[in-house]
Amino acid sequence: MAVRMTKPWQPLTPDTVKAITGQLGVYQLADASDRVVMIGYAGGRSLFGLRGEVEKALKAPPAGAVKFRVEVNQQYTTRWQELLMVHVHDHGELPVENQKDPPPRLGRLSPG
C-alpha cells in the first residue's frame, strides 16, 4: 500500500455516497481543485461506517468539499495519523478542517 492515498476522487453526491460500504476506514474530502480540506476516519463508533461519515460531509460540506475518496482499513486510526503526517510533510500544515481539532500528538513522516 502506498503511503499517500491514491484512490480516484469521487464527486460528493447522494448517489456516490450511497454506494460506499459501511466498513471501517479512512477518507479524504477535497475542494474543486483537489486540495484536501479534511482527512477523517470511520471507527468502531461510526454509525454506518465510511458511508455514515461521508454522508455527514454531504449534508454539511466542510470548507467547500465537493469530492471524496475512501480506503477500507481496519487500522483506521494509525492510517488516519499517517495520512495527516504525509499531508503535513507535503504542505507544511494540516488540512484546514483538521486544524480546528488537531490530533493530540502527531509524529513526523518523511515519505520517499
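For the structure, see preceding data.
One structure accompanies this document, and this report is about it. (Residues numbered from 1 in each chain as written. Predicted model: local features only at pLDDT ≥ 70, side-chain atom pairs only at ≥ 80, totals over all residues. Heavy atoms only, no water.)

### Concerning the side chain of D31
What counts here: The numbering of helices and of strands both runs from the N terminus, where a helix is a DSSP run of H or I of at least 4 residues and a strand a run of E of at least 2. Buried residues are those whose accessible area, probed at 1.4 Å on protein chains only, stays under 20% of the maximum for their type, while exposed residues exceed 50% and partly exposed ones sit between those limits. What qualifies as a polar contact is a pair of N or O atoms within 3.5 Å, subject to a donor-acceptor requirement within protein and to the restriction that residues adjacent in sequence count only when both atoms come from side chains. What makes two residues a contact is simply this: any of their non-hydrogen atoms within 4.5 Å.
With respect to the element layout, D31 can be found in the loop between β2 (25–30) and β3 (36–42). Using a relative accessible area of 12% as the deciding quantity, one classes D31 as buried. A distance of 3.0 Å separates polar atoms of two side chains, one belonging to D31 and the other to S33. Leaving out residues up to four positions away in the same chain, D31 has contacts with V37, A63, G64, A65, V66 and K67.

### Details of unusual backbone geometry
Even without being glycine, D34 reaches a positive phi, approximately 65°. By relative accessible area, which is 38% here, D34 ends up partly exposed. Positive phi, close to 50°, is recorded for A63, a residue that is not glycine. Checked against the element boundaries, A63 lands in the loop between α2 (49–59) and β4 (67–72).

### Re the environment of R69
Position of R69 among the secondary structure elements: in strand β4. Look at R69 and you get buried, because its relative accessible area is 13%. The spacing of R69 and E55 is 14 residues in sequence and 13 Å in space, taken between C-alpha atoms. If near-sequence neighbours (up to four positions away) are discounted, R69 is found in contact with M5, T6, K7, P8, W9, V26, Y27 and Q28. Within the structure, R69 has its side chain in polar contact with the backbone oxygen of M5 (distance 3.4 Å).

### Description of helix α3 (residues 76–91)
To keep things clear, this is the line we draw: Take the residue count of a helix, subtract one, and multiply by 1.5 Å to get its expected span.
Given a rise of 1.5 Å per residue, 16 residues ought to cover 22 Å, and the 22 Å separating the end C-alpha atoms of α3 matches this to within 8%. Within the span of α3, buried status applies to Y76, R79, W80, L83, L84, M85, V86 and H87. In this structure, the buried residues of α3 make contact with β2, β3 and β4. Immediately downstream of α3, the backbone of G92 shows phi near 85°, a positive value.

### Details of the nonpolar core
Counted only if it meets this: We define the nonpolar core as a collection of buried residues of types Ala, Val, Leu, Ile, Met, Phe, Trp, Tyr and Cys that are connected through side-chain atoms lying within 4.5 Å of one another.
One finds L12, V17, I20, Y27, L29, V37, A42, L50, V54, A57, A65 and F68 forming the largest nonpolar core, which totals twelve residues. Elements with a contribution of two residues or more to this core: β2, β3 and α2. Of the residues forming this core, the biggest block, three residues, is contributed by α2. Ignoring anything within four residues of it in the chain, the contact list for V17 reads L12, R51, V54, E55, L58 and F68. Grouped together as the second largest cluster of nonpolar side chains are nine residues, V26, V36, Y76 and L83 included.

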